[in-house]
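# Working through the structure, step by step
Listed below are the residues making up each chain.
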Amino acid sequence: REAERQALLSALFDIQGGRGTVTWLWAPEGSGKTRLLAEVVKSATINGLRLLTADAGADESDPWRLLREACAQLLTQPGVLGADPAHLGAVQEFVSAGQLACTLAPPQRAEALAAITPPTVDAVAELLAAVVHERALVVVVDGVSASTLPALGVVTAALDRVEDGRAGAVVASRLSPRRLGVGTP
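Now for a description of the structure that goes with this document. (Residues numbered from 1 in each chain as written. Predicted model: local features only at pLDDT ≥ 70, side-chain atom pairs only at ≥ 80, totals over all residues. Heavy atoms only, no water.)

## Some points on the nonpolar core
Among the nonpolar cores identified, the biggest contains 42 residues, and Leu66, Leu67, Leu128, Val139 and Val144 are the most heavily contacted of them. Leu25, Val40, Ala44 and Val140 belong to the second-largest nonpolar core, a separate cluster that totals 16 residues. (Core = buried A, V, L, I, M, F, W, Y, C linked by side-chain atoms within 4.5 Å. Buried < 20%, exposed > 50% of the residue type's maximum accessible area, 1.4 Å probe, protein only.)

Okay, here's the thing in structure tokens:
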């Protein structure tokens, strides 16, 4: 796993240097992906990057969970209040509605989650841009599956719109990107 560790650390330095990227880590279950992600989180923290983390696989019934987790953390970052108020409000509403829906019993929960409209890529990108002025930001996502790809798509598209490249992601899955239908990393 040393080669993978070095590649992930290199991706962090690229993000810090304004060359944001999305780096995939895929391997079978039980092969040490979560341990490698823990090293990424530790290195990002030590090197002063802002950090958002999400566990996409924790609740398969909520495909937008990873986006909601990342957005909830994004809302706590210094600089976010400098974002466009309409975009900020849309993201806040998405996070609040999801948190409320998750308190419901399973049948009502599924209906409530299905009725929530996720924020646009523009809204998430606006918030990301507002927080990366002082420090670069990395989003670390574990447990990506086919059902969470739409949420991951919003996150990665928003990261691509951060103009100075000081934002990126490290994404882990037990399924290869090709098997998920997203091409080769």
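Still more to cover.
## Overview of the pairing of strand β4 (residues 167-173)
Buried residues dominate β4, accounting for seven of its seven residues. The alternating pattern of β4 places Ala167, Ala169, Val171 and Ser173 on one face and Gly168, Val170 and Ala172 on the opposite face, and all of these are buried. By the bridge criterion, five bridges tie strand β1 (residues 22-26) to β4 in an arrangement that is parallel. What sits directly across from Leu25, in β4, is Ala172. The sheet contact formed by strand β3 (residues 137-142) and β4 spans five bridges and is parallel. Within β4, the residue paired with Val139 across the bridge is Ala169. In terms of handedness, the path from β3 via helix α7 (residues 149-160) over to β4 forms a crossover that is right-handed. (Helix = DSSP H or I, 4+ residues; strand = E, 2+ residues; numbered from the N terminus. Pairing = 2+ DSSP bridges. Right-handed = clockwise from strand over helix to strand, strands pointing away.)

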